[in-house]
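Observations on chain architecture
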Amino acid sequence: MIAVFILLGILVVVALWFLATYNGLVRLRNQVKNAWSQIDVQLKRRHDLIPNLIETVKGYAAHERGTFDAVTQARAAAMKAQGPAQAAQAEGLLGSALSKFFAIAENYPELKANQNFLALQEELASTENKISFARQFYNDQVQGFNTRIEQVPTNIVASVGGFKSAEFFQVEAPAEREAPQVKF
Amino acid sequence: MWDLIQSNKRKSALLIALLALVLLALGYAIAASVSPSAGPLGLIAALLVWTIMVFASVAGGEQILLASAGARELKREDAPQLFNVVEEMKIASGLPAMPRVYLIDHPAPNAFAVGLTPQRAAVAVTTGLLARLNRDELQGVVAHELGHIANRDTLFMTLAGVTVGAVILLADFYLRGMRFVGRGRRSSKGGGQAVVIMMLVALVLAILAPILAQLLYFACSRRREYLADASAAQFTRYPEGLAGALERIAGLPANRLEVSRALAPMFTVNPLEASRVTSSVFSTHPPTADRVRILRGMAGSSIAAYEAAFRAAHGNRGVLRPGELKGSAEAGIRAAAPGAPAAAAGPARQMREAQDVLHKLNGFAVIPCACGLKIKVPAGFGPSTVTCPRCGTSHVIPAAGG
């Protein structure tokens, strides 16, 4: 009789542990999803800031059509991108178009003193930072989640509950690493 | 990161329990020394005092602390760069809601964070901080403060501070009361040995308990500062930012920020202890030089890298428990951010910009004159026009808007 009770006790403990671990994994997975949507929010913010920026600069540097067009096209491509891989590449290209754009702006002193332009520059620089922090946070969450799924007692719960490893978000566009070239 | 927060919560609960135990023991001993059967009554009384103080600090504590430091709440338009930095760190730290941002008008650079839960947090910086730090350093300081919020330090330190305060209050009360009550009691009560023993116990506790409680409080406080530094390095991926900021904050002893002793421990660098080289057992913060050395010795940006640097600087004693290192992400160090054009223009310009934030807050109208001067007109200025002191042009003062 005692043996039956002990067995029952052990089963209850195991079941409770299973439940707690499962819930913990659910929480981690939701954190990963939430972190992903953060990146999305910041990317959209960047897209929204760009038309304003172009209008401000057009007043001072009207003949830099080439640069404006490059940025506008890159932005359109980034907004149409589907899925993380495409988005990562398109955003990388947009980032490099923007840095070329700001390099050109260095040549116009009245533009550099314009308050609107400075505010927009700060906003865009900050948005770039926020994108990279959101990416960083997302990757941290993914790392935590993946480590948890792979560790020994937890991986049993993970395979039973159908938790799969999440993907890291790496912007691979080599163009992003180029230094902007200013042509004279 | 998550493991760190969980372990912090557990330790916080344990330490608050310990401190509360000290308080209750004191209450019991004091009451029992007066009359042996009154022991439990003293326990309940101590518990009551503690509960009231905790409620008071939880309910209104934040606002009182912010007001006592002279902090004014900022809107995004008043200081866009500061708001951006706070928002960036909010994203990096994973806080659920954007903290409120406050400004303290003082030339000494410093910052602090309050907030019982990450949902209701607030960060305050001084104008001196805005004027002296570049963007990376400002980011480091804000990351350190948000690290405190994310690690639930603000909640814990508030509770611990209240408990220590209650212990000191009770002990003080008893020791003073002894003088009046002592003579009479000894002759009137026939309780004999038990009462005398309890009196001795109560006396010993009344002397030791405040010291014990303070030691516990300061030890936790120092450890949490190290942990907040580690969190800041991980959030910013740039330990040099915080290191440089700490040097600037601590290196100006002449500009001591005069704040109440209750508020001082919550600042990035304790303003009342800023120039101390060594840390005594009674310091709320570790010595700044030590913190800077550890940050500069980090090989990466992860919590594990901070732990390694800490061990290197402290003869293999660590600051983290093994459980807290689990799941710590491998992280490299990023490059320094390019200086914004304004900051590159010089410290005087940066100081003026920091003052401009304050002017906007105070409802000043800022009128740019063609000669380059920015005329600042206080709210409630009588005439409707003002002449530029440099070139004499007359300007119409815009009507006060939203």
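Up top you'll find the structure we're talking about.
Computed from a predicted structure; not experimentally measured. (Residues numbered from 1 in each chain as written. Chains lettered and ligands numbered in written order. Predicted model: local features only at pLDDT ≥ 70, side-chain atom pairs only at ≥ 80, totals over all residues.)

1. Thoughts on the overall build of chain A
How we decide: Strands here are runs of E lasting at least two residues and helices are runs of H or I lasting at least four, both read from the DSSP assignment and numbered beginning at the N terminus. For this measure, only C-alpha atoms enter the radius of gyration; the expected value for a globule follows 2.2 Å times N^0.38, where N is the number of residues. Any residue surrounded by 20 or more other C-beta atoms within 10 Å of its C-beta is treated as buried, while 12 or fewer makes it exposed and the intermediate range makes it partly exposed; C-beta atoms here are placed from the backbone. Each residue gets a C-beta atom placed from its backbone, and two residues are in contact if those atoms lie within 7 Å.
Assigned secondary structure in chain A consists of six helices and zero strands. For 184 residues, the compact-globule formula gives about 16 Å, and the C-alpha radius of gyration of chain A, at 24 Å, lies well above that figure. Principal-axis analysis of the C-alpha atoms gives chain A an extent of 90 × 30 × 25 Å. Looking at the 184 residues of chain A, the share that counts as buried comes to 26%. Partitioning the intrachain contacts of chain A with sequence separation of at least 6 by distance along the chain shows that 79% fall at a separation of at least 24.

2. So, the interface of chain B and chain A
Threshold: Following the grouping adopted for this structure description, the nonpolar residues are Ala, Val, Leu, Ile, Met, Phe, Trp, Tyr, Cys and Pro, the charged ones are Asp, Glu, Lys and Arg, and the polar ones are all others, Gly among them.
Taken together, the contacts link 15 residues of chain B with 15 residues of chain A. Ranked by residues supplied to the side of chain B that touches chain A, first place goes to helix α3 (residues 80–93) of chain B with seven residues. Of the residues contributing to the side of chain B that touches chain A, the split by class is eight nonpolar, four polar and three charged.

3. Section: the packing of helix α1 (residues 2–58) of chain A against helix α6 (residues 152–161) of chain A
Residues and elements named next belong to chain A. The condition that has to hold: Whenever a helix is involved, its axis is fitted only over the stretch in contact; in every case the axis is a line through C-alpha atoms, and angles between N-to-C directions fall within 0 to 180 degrees. We call two directions roughly parallel when the angle between them is under 35 degrees, roughly antiparallel when it is over 145, roughly perpendicular when it lies between 65 and 115, and oblique otherwise.
As a packed pair, α1 and α6 sit with axes 10 Å apart at the nearest point and diverge in direction by 70°. The angle between α1 and α6 places the two elements in the roughly perpendicular class. Touching Phe 18, Thr 21, Tyr 22 and Leu 25 of α1 are Thr 154, Val 157, Ala 158 and Gly 161, all from α6. Here the residues of the contact of α1 with α6 sort into five nonpolar, three polar and no charged.

4. Observations regarding the sheet that holds strand β3 (residues 111–114) of chain B
Residue and element names in this part refer to chain B. The cut-off we apply is this: Strands are treated as partners if at least two bridges between them are detected by DSSP.
Spatial strand order, β1-β2-β4-β3: four strands in an open sheet with mixed pairing. In this open sheet, the two edge strands, each paired with only one partner strand, are β1 (71–73) and β3. Direction aside, neighbouring strands of the sheet carry axes that sit 30° apart on average. Where strand β2 (residues 100–104) and strand β4 (residues 122–126) come together, five bridges link them in parallel fashion. For Arg 100, the partnering residue across the bridge sits in β4 and is Ala 122. The strands that helix α5 (residues 135–150) touches are β3 and β4; relative to β3, the one it contacts most, it runs at about 25°.

5. Quick notes on the environment of B:Thr117
Residue and element names in this part refer to chain B. Mapped onto the elements, Thr 117 comes out in the loop between β3 and β4. The class of Thr 117 is exposed, set by 12 C-beta atoms lying within 10 Å. The spacing of Thr 117 and Ile 5 is 112 residues in sequence and 13 Å in space, taken between C-alpha atoms.

6. Quick word on unusual backbone geometry
All names here are of chain B. Notably, Arg 152 is not glycine yet its phi reads approximately 60°, a positive angle. Of note in the backbone geometry, Arg 237 takes a positive phi value of approximately 60° without being a glycine. Of note, Arg 237 is situated in the loop between α7 (193–236) and α8 (239–250). Taking the number of C-beta atoms within 10 Å as the measure of exposure, Arg 237 has 20 and is therefore buried.

7. Quick look at the packing of α8(B) against helix α9 (residues 288–296) of chain B
Residue and element names in this part refer to chain B. Put simply, the rule reads: By the definition used in this description, the sense in which the near helix is turned from the far one sets the handedness, with an anticlockwise turn below a right angle giving left-handed and a clockwise turn giving right-handed.
The interhelical angle for the contact between α8 and α9, taken along N-to-C directions, is 160°, at an axis separation of 9 Å. In terms of orientation, α8 lies roughly antiparallel with respect to α9. α9 is crossed by α8, and the crossing has left-handed handedness. Residue-level contacts link Pro 239, Glu 240, Leu 242, Ala 243, Leu 246, Glu 247 and Ala 250 of α8 to Thr 288, Arg 291, Val 292, Leu 295 and Arg 296 of α9. In terms of residue class, the contact of α8 with α9 is built from seven nonpolar, one polar and four charged.

Scope: geometric values only; no functional claims are made or implied.
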